Amino acid sequence: MAQKPSIPKGTRDFNALEVAKRSYIMNMIKEQFELYGFQPIETPSFENSETLMGKYGDEGDRLIFKILNSGDFLKNIPFDEIEEELLENLEGFESKDDDKYSYSDNVDELKKAMRKYVRDTYLTEKALRYDLTVPFARYVVQHQNEIEFPFKRYQIQPVWRADRPQKGRFREFYQCDADVVGSTSLFQEVEFVQLYDAVFTALDLKGVTIKINNRKILSGIAEVIGAQDKLIDFTVALDKLDKIGEEKVKEEMRGKGISEDGISKLQPLFSFRGDFRTQVERLKSILNTSEVGLKGIEELEFIDAAISKLGLKTANLQLDVTLARGLNYYTGAIFEVAAPDGVKMGSIGGGGRYDDLTSIFGKPDTSGVGISFGLDRIYLVLEELNLFPETIADATKVLFINFGEKEALTCLEAVTKLREHGVKAELYPDDAKMKKQMTHANRRNIPYVVLVGEEELNSGMYTLKYMKTGEQQKLKFEELLSSLK
């Protein structure tokens, strides 16, 4: 029985039109990246597991695709040694009274540790990249002696995540990243706001909202409410405010051990409204006792003042104190881009400032800031709003009809000359019935066909037919070229 063809969940095939539309988005992004001085690099599709693991938090680690080692790796696993080590570690745990752990508890813990050891050492030493940021940090450290700092790089490559597929979320997708490392200047953040605005304006996607927050502000709020040790728990809950509402957020915070007094101090955040400067003034009153929080406000004020002076073309800059993405590595500004009002879609871009990401690879004090564009979600938004140019699907412009070997050779000569002048032209390869060849042109939306029969061969002319109207005219080659350019 023949196997039914299929692809893994969370992956996709792309037809010619879809590829053209995706290329259109990537080319627009690439054009702006280079206009802003970013240089392209590429990193491998997979990295050593140790490069990726532990960089994205527990949830991120679970979503990393690990690659099974090739070859007969099972014969290299010293099961006898592992069993012996397991038994040695069990000595003294035969009675529950001998230790706080029971015998069975200890066995479970050791088995878990052994499984991880065997998996990481013998089964999966490599993994598909989860994002472009950590591989970039690895690249910077590995090539630091070749790089001129500050280093501005962009990268447009696929990444993989073992996530649950849903609208706008896939297991294989492209990221389009731009980063600057080696500078602490806040003018970099200002330029990234401008870059977001420039890309979405170029795509004619007007009215996106560039949301901004600062990790220092979140740290300051945690300090004020006495929850410094629960920063991640508190911010993860706060980040869900627009999704689950105020009461559910408070309930989650209580569940994470945040006190009622602390939650009551957060009350103003649940109803934060007003323009950028109004929100900043309210934050100052909340964070007036937090040095780190006030530093975050100072950084936001700098960015806002610069953008107010420079102006944005079509995007809006908005302060969002509940924005809390990337807290495992962002240390300053945090960005997230929302689609225009009326379009139901998750974030279509995001990023932030990281002061110590490269320290995980042994290079401290290398500050960086970067942003990413969500290609697949941007595609869905442009499709929903019908913003792709009509000409994006332009492929072959003219098809030469094949009437036989002699005629086909003459046609191929003309096709070759047209291609030299940049006209997308092709010859139907087979001497098939004319109706079949015309149908082929229609189905592929080829606007013109050329007929070269015995009469055209004798006269040196070409019959050009416009498929939309059926209009025909006999032309010399120079006239044919002029009509098709």
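See the structure printed just above.
The numbering scheme is per chain: residues are counted from 1 as the chain's sequence reads. Two thresholds apply to this predicted model, a pLDDT of at least 70 for residue-level local features and 80 or more for giving and counting side-chain atom pairs, whereas whole-chain, interface and lining totals are computed over all residues. As a convention, hydrogens and water are excluded, and side-chain values are obtained from all of the structure's heavy atoms.

**A word on the overall build of the chain**
Turning to step 1, where the next piece is worked out: Within the chain one finds 19 helices and 16 strands.
Turning to step 2, where the next piece is worked out: It only takes one pair of heavy atoms within 4.5 Å for two residues to be counted as in contact. Sequence separation of at least 24 residues holds for 70% of the intrachain contacts in the chain that already meet a minimum separation of 6. In this description a helix means any DSSP run of H or I spanning at least four residues, a strand means any run of E spanning at least two, and both kinds are numbered starting from the N terminus.

**Let's talk about the packing of aromatic side chains**
Turning to step 1, where the next piece is worked out: The rule is short: rings of Phe, Tyr and Trp, with Trp giving its six-membered ring, pair when the centres are within 6.5 Å, and they are stacked under 30 degrees, edge-to-face over 60, tilted in between. Under the defined criterion, the tally for this structure stands at 14 aromatic pairs.
Turning to step 2, where the next piece is worked out: Ring centres of F136 and F151 lie 6.2 Å apart, and the angle between their planes is 35 degrees; on these two criteria the pair is classed as tilted. Here F136, found in helix α6 (residues 133–142), pairs with F151, found in strand β5 (residues 151–160); they are 15 residues apart in sequence, far enough to count as distant. In this pair, the class of F136 matches that of F151, namely buried.
Turning to step 3, where the next piece is worked out: Here F200 and F373 contribute two aromatic rings whose centre-to-centre distance is 5.6 Å and whose plane-to-plane angle is 50 degrees, an arrangement assigned as tilted. Taken together, the residues span a long stretch of sequence, with F200 in helix α7 (residues 187–202) and F373 in strand β11 (residues 368–374) at a distance of 173 residues.
Turning to step 4, where the next piece is worked out: With a relative accessible area of 0%, F200 lands in the buried category.
Turning to step 5, where the next piece is worked out: For the exposure calls, accessible area comes from a 1.4 Å probe over protein chains only, and a residue counts as buried if that area is under 20% of its type's maximum, exposed if over 50%, partly exposed in between. Note on F373: relative accessible area 0%, which makes it buried.

**Notes on unusual backbone geometry**
Turning to step 1, where the next piece is worked out: Cis peptide bonds are those with omega within 30 degrees of zero, and the linkage from F149 to P150 qualifies with -5 degrees.
Turning to step 2, where the next piece is worked out: Turning to its location among the elements, P150 is positioned in the loop between α6 and β5.
Turning to step 3, where the next piece is worked out: Although it is not a glycine, D204 sits at a positive phi angle of roughly 65 degrees.
Turning to step 4, where the next piece is worked out: With a relative accessible area of 36%, D204 lands in the partly exposed category.
Turning to step 5, where the next piece is worked out: A positive phi is found at N445, a non-glycine position, where the angle reads about 55 degrees.
Turning to step 6, where the next piece is worked out: Positionally, N445 belongs in the loop between α17 (434–443) and β14 (448–451).
Turning to step 7, where the next piece is worked out: You can call N445 exposed: its relative accessible area is 66%.

**Considerations on the layout of surface pockets**
Turning to step 1, where the next piece is worked out: Each pocket or cavity is described by its volume, and for the second largest pocket that value is around 510 Å³.
Turning to step 2, where the next piece is worked out: Every residue lining the second largest pocket is counted, 15 residues in all, and those nearest its centre are A393, D394, A395, R444 and N445.
Turning to step 3, where the next piece is worked out: Here the residues of the lining of the second largest pocket sort into eight nonpolar, two polar and five charged. Put simply, the grid is 1 Å and covers the protein atoms alone, a cavity is a trapped set of points that fit a 1.4 Å probe, a pocket is an open set with protein on both sides within 12 Å along at least five of seven lines, and lining residues have an atom within 4 Å of a point. Grid points are joined across faces, edges and corners, and a volume is the space filled by probe spheres set on the points. For this classification, Asp, Glu, Lys and Arg are treated as charged, while Ala, Val, Leu, Ile, Met, Phe, Trp, Tyr, Cys and Pro are nonpolar and the rest, including Gly, are polar.

**Examining helix α13 (residues 276–286)**
Turning to step 1, where the next piece is worked out: Among the residues of α13, F276, Q279, V280, L283 and I286 are the ones counted as buried. Relative to the axis of α13, the buried residues are bounded by an arc of 115 degrees and lie together on one face. Opposite the buried face of α13, at more than 90 degrees from it, the exposed residues are R277 and S285.
Turning to step 2, where the next piece is worked out: On its buried side, α13 packs onto β7 (209–214), α8 (215–224), α14 (291–310) and β8 (316–319). Here the arc refers to the set of directions running from the helix axis out to each C-beta atom.

**Concerning the nonpolar core**
Soluble globular proteins tend to pack their nonpolar side chains together in the buried interior.
Turning to step 1, where the next piece is worked out: Formed by 91 residues in total, the largest nonpolar core has its most connected members in I25, F33, F200, F234, I348 and F373.
Turning to step 2, where the next piece is worked out: For this core, the element with the highest residue contribution is α7, accounting for eight residues.
Turning to step 3, where the next piece is worked out: Once you skip the residues sitting within four places of it in the chain, F33 turns out to touch F38, Y154, I156, C176, D177, A178, L195 and F373.
Turning to step 4, where the next piece is worked out: We call a set of buried Ala, Val, Leu, Ile, Met, Phe, Trp, Tyr and Cys residues a nonpolar core when their side-chain atoms join them within 4.5 Å. Judged by nonpolar contacts, the second largest core, of 20 residues, contains V423, L475, F477 and L484.

**Section: the environment of F46**
Turning to step 1, where the next piece is worked out: For F46, the position within the fold is in strand β2 (residues 46–48).
Turning to step 2, where the next piece is worked out: In this structure F46 comes out as partly exposed when scored by relative accessible area, which is 41%.
Turning to step 3, where the next piece is worked out: The spacing of F46 and R129 is 83 residues in sequence and 5.2 Å in space, taken between C-alpha atoms.
Turning to step 4, where the next piece is worked out: The contact partners of F46, leaving out residues within four places of it in the chain, are I67, K126, A127, L128 and R129.

**Topic: the environment of D197**
Turning to step 1, where the next piece is worked out: Its place among the elements puts D197 in helix α7.
Turning to step 2, where the next piece is worked out: Sequence separation of D197 and L312 is 115 residues, and the distance between their C-alpha atoms is 6.4 Å.
Turning to step 3, where the next piece is worked out: Not counting residues within four places of it along the chain, the set of residues in contact with D197 comprises I210, L312, K313, T314 and A315.
Turning to step 4, where the next piece is worked out: Counting of polar contacts relies on pairs of N or O atoms within 3.5 Å, with two restrictions inside protein: one atom must be capable of donating a hydrogen and the other of accepting it, and residues adjacent in sequence are counted only when both atoms are side-chain atoms. From its side chain, D197 meets the backbone nitrogen of K313 in a polar contact 2.6 Å long.
Turning to step 5, where the next piece is worked out: Only 3.0 Å separates the side chain of D197 from the backbone nitrogen of T314, close enough to count as a polar contact.

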